[in-house]
Structure formats: C-alpha cells, structure tokens
Amino acid sequence: MNLNRFETLRETMAVTFGIETDRINANSTQNQVPEWDSVAHLNLMLALEDTFNVRLTVQDMQRLTSVPDILRHLEDR
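Every chain's residues receive numbers from 1 upward, in the order its sequence appears when written. Local features in a predicted model are, by the rule used here, given only for residues with pLDDT of at least 70; side-chain atom pairs are given and counted only at 80 or more, and totals for whole chains, interfaces and linings are based on all residues. Values shown for side chains rest on all heavy atoms present in the structure; no hydrogens or waters enter the calculation.

How should I be thinking about the overall build of the protein chain in this particular structure?
Secondary structure elements follow DSSP: runs of H or I of four or more residues count as helices, runs of E of two or more count as strands, with numbering from the N terminus. What the protein chain contains, in helices and strands, is four helices and zero strands. In sequence order, the secondary structure elements of the protein chain are arranged as α-α-α-α. The principal-axis extent of the C-alpha atoms belonging to the protein chain is close to 25 × 25 × 20 Å. Pairs at least 24 apart in sequence give 46% of the contacts found in the protein chain among residues at least 6 apart. The accessible surface values rely on the Shrake-Rupley method and a 1.4 Å probe; as for residues, cover is taken only from the protein chains in view. Of the roughly 4,700 Å² of accessible surface on the protein chain, 45% is carried by carbon and sulfur atoms. By the counting scheme adopted, Arg and Lys are positive, Glu and Asp are negative, and His together with the chain ends is not counted. To locate a charge, take NZ of a lysine, CZ of an arginine, CG of an aspartate or CD of a glutamate. Between the mean site of the 7 positive side-chain charges and the mean site of the 12 negative ones, the protein chain shows a separation of 6 Å. Pairs of residues are marked as contacts when any of their non-hydrogen atoms sit within 4.5 Å.

Shown next, in the form of structure tokens:
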C-alpha cells in the first residue's frame, strides 16, 4: 500500500464526511462509517476525482465502497 496515497485518501474522506481522520483506517468500509451515506458517497467520489485527478464511471462509483477498493482502483490507474 502506498502510504502517501492512503494518507491523502484518509484526509479526503475525513473532510468529506466531517469526521476525524483517525476514524478512517486501511480497512474501513461504507457500512462501518455512519457518516458515509449515499450523499456523502457521491461527494467522496467527486472529491476523489479532484484530489487524485481521475475520472470515475458510474460502475466505479458503485463498487468503491471501502478503503481497500478505492486504493486498489487508484493504484490501477
């Protein structure tokens, strides 16, 4: 795992969800973070596009529901 990428993702998620960064870990999933609801998920996907300079499809957005999934997707780009 790229630690810089993880830390950037963690900060992006915390800001998007309005929570402390320590609530996000390398195995966090959408089901484990109450603030990660459907609206926050869309906001996160938009923030990921801006932060990591990637474009996400609707299919990508539907399956990126955990930190490991997001990191894997970013590493594949």
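Which parts of the structure should I look at to understand the side chain of Ser66?
Note that Ser66 resides in the loop between α3 (58-63) and α4 (67-76). The buried category is assigned to Ser66, whose relative accessible area is 8%. A polar side-chain atom of Ser66 sits 3.1 Å from a polar atom in the side chain of Asp69. Discounting chain neighbours no more than four positions away, the residues touching Ser66 are Ser28, Thr29 and Trp36. Remark: exposure states derive from per-residue accessible area (1.4 Å probe, protein chains only) relative to the maximum for the residue type, with buried under 20%, exposed over 50%, and partly exposed in between. Here a polar contact is recorded for every N or O atom pair within 3.5 Å, except that within protein the pair must consist of a potential hydrogen donor and a potential acceptor, and residues adjacent in sequence are included only if both atoms are side-chain atoms.

Please explain the pattern of salt bridges as it appears in this structure.
Between side chains of opposite charge, a pair can form as their charged atoms come close. In what follows, salt bridge is the name for a side-chain nitrogen of Lys or Arg lying within 4 Å of a carboxyl oxygen of Asp or Glu. For the structure shown, the criterion picks out five salt bridges. Note that Glu35 is salt-bridged to Arg23, the shortest N-O span being 2.7 Å. Taken together, the residues span a long stretch of sequence, with Glu35 in the loop between α1 (3-17) and α2 (38-52) and Arg23 in the loop between α1 and α2 at a distance of twelve residues. Residues Asp69 and Arg72 are paired through a salt bridge, measuring 3.1 Å at the closest nitrogen-oxygen approach. Taken as a pair, Asp69 and Arg72 lie in helix α4 at a separation of three residues, close to a single helical turn. Looking at Asp69, the relative accessible area reads 23%, which means it is partly exposed.

So what exactly am I meant to see when it comes to the packing of α1 against α2 here?
The axes of two packed helices give the description: the angle between them and the distance between them. Axis separation between α1 and α2 bottoms out at 10 Å; the angle between their running directions is 140 degrees. The orientation of α1 with respect to α2, classified from their angle, is oblique. Where α1 crosses over α2, the handedness of that crossing is right-handed. Facing α1, whose interface residues are Arg5, Thr8, Leu9, Thr12, Met13, Thr16 and Phe17, α2 presents Ala40, Asn43, Leu44, Ala47, Leu48, Thr51 and Phe52. Interaxial angle, 0 to 180 degrees, is taken between N-to-C directions of lines fitted to C-alpha atoms, where a helix line uses only the stretch in contact. Angular relationships are summarised with four words: roughly parallel below 35 degrees, roughly antiparallel beyond 145, roughly perpendicular across 65 to 115, and oblique for the angles in between. Handedness of a helix crossing follows the sense of rotation of the near helix relative to the far helix, less than a right angle counterclockwise being left-handed and clockwise being right-handed.

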